Amino acid sequence: MPRIRLYMAPMKGLTDHLFRSAFADHFGGFDLAVAPFITTKQGHRIKRNYVKDVLPENNTRMPVIPQILSKTAGDFIILANYLYDLGYDTVNWNLGCPYPMVANKKRGSGMLPYTDRIQAFLDRVIPEINGSLSIKMRLGWKENIDIFKLLPVIDPYPLSQIIIHPRTGLQRYEGPVDLDAFEDCLAVTGHTVVYNGDIRTVDDFRRLYQRFDRVHAWMIGRWCIADPFLPGRITTGADIPDKIYRMQLFHDTLFEAYNRVLDGPSHVMNKMKGFWRYFSLPFEDCKKSMKNITKSRLPEQYLERVNLFFETEAKLRKPADIHAQRTRQ
Ligand SMILES: Cc1cc2nc3c(=O)[nH]c(=O)nc-3n(C[C@H](O)[C@H](O)[C@H](O)COP(=O)(O)O)c2cc1C
């Protein structure tokens, strides 16, 4: 059986270098992470602080592929070459971001309908960058048709991989992933393909793995925050004891790390509250506890409520319940 390769998905505001390092220390299971996107800056010299999240000294615990969001070839080349100079051999181009502020400006998934622009971008970028390029994309902006026009056009370019999230930009992160369309993509591309989308349990993974044997690697986003044991369970098959306690330790590591770098308690609290949207997913009936946690105003109160949750209230749902919930969505 070929080795299973797992990638941590980029999630802006969540999977930054502090999260990635803490994750590697507490759980492991990933081969690498694609870092959340960095936007290009028109006509600016790149400063180290601008790419802080992907500086090699901040990424000693897990291999990383930096990601760029841009529609302008010249700006992309400058930033990509800066990243190759830092030691990266691959940079990823974001053609998946669904947010209207991005997509309406023909960036991210909003660029997908414009095959000619993508072709012109690659024609200009590929000869001028000092390393390899991968692309993360969706099926289209508003319709799947975009990817089927695009794949034959990008086939001749020397891309290291394409990562496909089989939804449209319009769908954002909701609604079913279109696995039939993903299968059709595999049939028409010669590129190495990474699958991404809705891997929530080991059973989800197994079904995908059995159906798509041509997939090179598997990317997990939201559910590696919700169930950080998932990558390890997929690759080793082993279940881990004391899950809730380990999640608490991970939470505390993150809290301390953000306390060290963020400016003031309210920023730290906001950051941590952002994680709870996903931390809460694997727990049963936790609405009231979540309300208490997200309403806390001072760090002491926040920590007290978090500890109360982990130590007395938290009860993990069974994988079957997670599937049942999805079927109802
Ligand atoms: C809050 C949030 C931030 C995201 N940020 C990025 C990003 O910076 N770059 C990117 O390519 N995808 C981004 N994504 C998309 C994820 O990488 C991934 O494609 C998506 O969550 C589907 O995978 P999942 O079902 O395993 O979560 C983001 C998703 C979310 C929910």
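## Some thoughts on the site of the ligand
Then, number 1: Surveying the vicinity of the ligand reveals 19 residues, the closest of which are Pro-10, Gln-67, Asn-196, Asp-198 and Gly-221.
Then, number 2: Between the ligand and Phe-37, the relevant distance is 3.2 Å, taken from an oxygen atom to a main-chain nitrogen or oxygen of the residue.
Then, number 3: At 2.8 Å, a backbone N or O of Arg-222 approaches an oxygen atom of the ligand.
Then, number 4: Notes on the ligand: free accessible area 610 Å², of which the protein chains cover 93%.
Then, number 5: Grouping the constituent residues of the shell around the ligand by class yields 9 nonpolar, 6 polar and 4 charged.

## Brief notes about the domain arrangement of the protein
Then, number 1: In terms of domains, the protein is made up of domain 1 (5–236) and domain 2 (243–313).
Then, number 2: Domain 1 and domain 2 are separated by 28 Å when their C-alpha centres are compared.
Then, number 3: Buried surface at the junction of domain 1 and domain 2, both sides included, amounts to about 1500 Å², of which 78% is carbon and sulfur.
Then, number 4: It is Leu-18, His-26 and Phe-229 in domain 1 that bury the most area against domain 2; as a group they hold 31% of the surface buried on that side.
Then, number 5: Counting every contact that joins domain 1 to domain 2 gives 1 salt bridge.
Then, number 6: In this structure, Lys-271 engages Asp-16 in a salt bridge whose closest nitrogen and oxygen atoms are separated by 3.5 Å.
Then, number 7: For the pair domain 1 and domain 2, the interface holds 3 residue pairs in polar contact (both at pLDDT 80 or more).
Then, number 8: Where the side of domain 1 that touches domain 2 is concerned, the elements lending two or more residues are α1 (17–26) and α8 (222–226).
Then, number 9: Among the elements that make up the side of domain 1 that touches domain 2, the one with the highest residue count is α1 (5 residues).

## Some words on the packing of aromatic side chains
Then, number 1: The tally for this structure, following the rule as stated, stands at 27 aromatic pairs.
Then, number 2: Residues Trp-93 and Phe-121 carry aromatic rings whose centres are separated by 3.9 Å and whose planes lie at 5° to one another, so their mutual orientation is stacked. Separated by 28 residues along the polypeptide, Trp-93 in strand β4 (residues 90–95) and Phe-121 in helix α4 (residues 115–125) bring together distant segments of the chain.
Then, number 3: You can call Trp-93 buried: its relative accessible area is 0%.
Then, number 4: Residue classification places Phe-121 among the buried residues on the basis of a relative accessible area of 3%.
Then, number 5: Consider the rings of Phe-255 and Tyr-302, whose centres lie 5.7 Å apart with planes at 20°: the pair is stacked. Here Tyr-302 lies in helix α13 (residues 299–313) and Phe-255 lies in helix α10 (residues 243–261), a separation of 47 residues in the sequence.
Then, number 6: For Phe-255, a relative accessible area of 6% gives the class buried.
Then, number 7: On the accessibility criterion, Tyr-302 (0% relative accessible area) is buried.

## What to know about the packing of α1 against α10
Then, number 1: At a minimum axis distance of 10 Å, the contact between α1 and α10 shows a crossing angle of 150°. Once α1 is placed against α10, the crossing between them reads as right-handed. Within the contact between the two elements, α1 uses Leu-18, Phe-19, Ala-22, Phe-23 and His-26 and α10 uses Arg-246, Leu-249, Phe-250, Thr-253, Leu-254, Ala-257, Tyr-258 and Val-261.

## Quick notes on the sheet that holds strand β8 (residues 217–220)
Then, number 1: Taken together, 8 strands build a closed barrel; the order of strands is β1-β2-β3-β4-β5-β6-β7-β8 and the barrel is parallel. Here the average twist between neighbouring strands, direction ignored, is 30°.
Then, number 2: Note that β4 and strand β5 (residues 132–140) share 6 bridges and pair parallel. From the neighbouring strand, Asn-94 faces β5, where its bridge partner is Lys-136.
Then, number 3: Taken strand by strand, helix α2 (residues 73–85) contacts β2 (32–39), β3 (64–69), β4 and β5, and its axis lies near 145° from that of β4.

## Comments concerning the environment of Val-177
Then, number 1: With respect to the helices, strands and loops of the structure, Val-177 is situated in the loop between β6 (159–168) and α6 (179–188).
Then, number 2: Between the alpha carbons of Val-177 and Leu-139 there is a distance of 9.9 Å; along the sequence they are 38 residues apart.
Then, number 3: When residues no more than four places from it in sequence are discounted, the contact partners of Val-177 are His-165, Pro-166, Arg-167, Tyr-195, Gly-197 and Asp-198.

Analysis parameters
- Residues numbered from 1 in each chain as written.
- Predicted model: local features only at pLDDT ≥ 70, side-chain atom pairs only at ≥ 80, totals over all residues.
- Heavy atoms only, no water.
- Near = heavy atom within 4 Å.
- Polar contact = N/O pair within 3.5 Å; in protein donor to acceptor, adjacent residues only side chain to side chain.
- Areas by Shrake-Rupley, 256 points an atom, 1.4 Å probe, with all protein chains shown as cover.
- Nonpolar A, V, L, I, M, F, W, Y, C, P; charged D, E, K, R; others polar.
- Domains from an automatic or database assignment.
- Buried area = accessible area lost by both parts, 1.4 Å probe.
- Salt bridge = Lys/Arg side-chain N within 4 Å of Asp/Glu carboxyl O.
- Helix = DSSP H or I, 4+ residues; strand = E, 2+ residues; numbered from the N terminus.
- Phe/Tyr/Trp six-rings, centres within 6.5 Å; stacked < 30°, edge-to-face > 60°.
- Buried < 20%, exposed > 50% of the residue type's maximum accessible area, 1.4 Å probe, protein only.
- Axes fitted to C-alpha atoms, helices over the stretch in contact; angles between N-to-C directions.
- Left-handed = near helix turned anticlockwise from the far one by under 90°.
- Contact = heavy atoms within 4.5 Å.
- Pairing = 2+ DSSP bridges.

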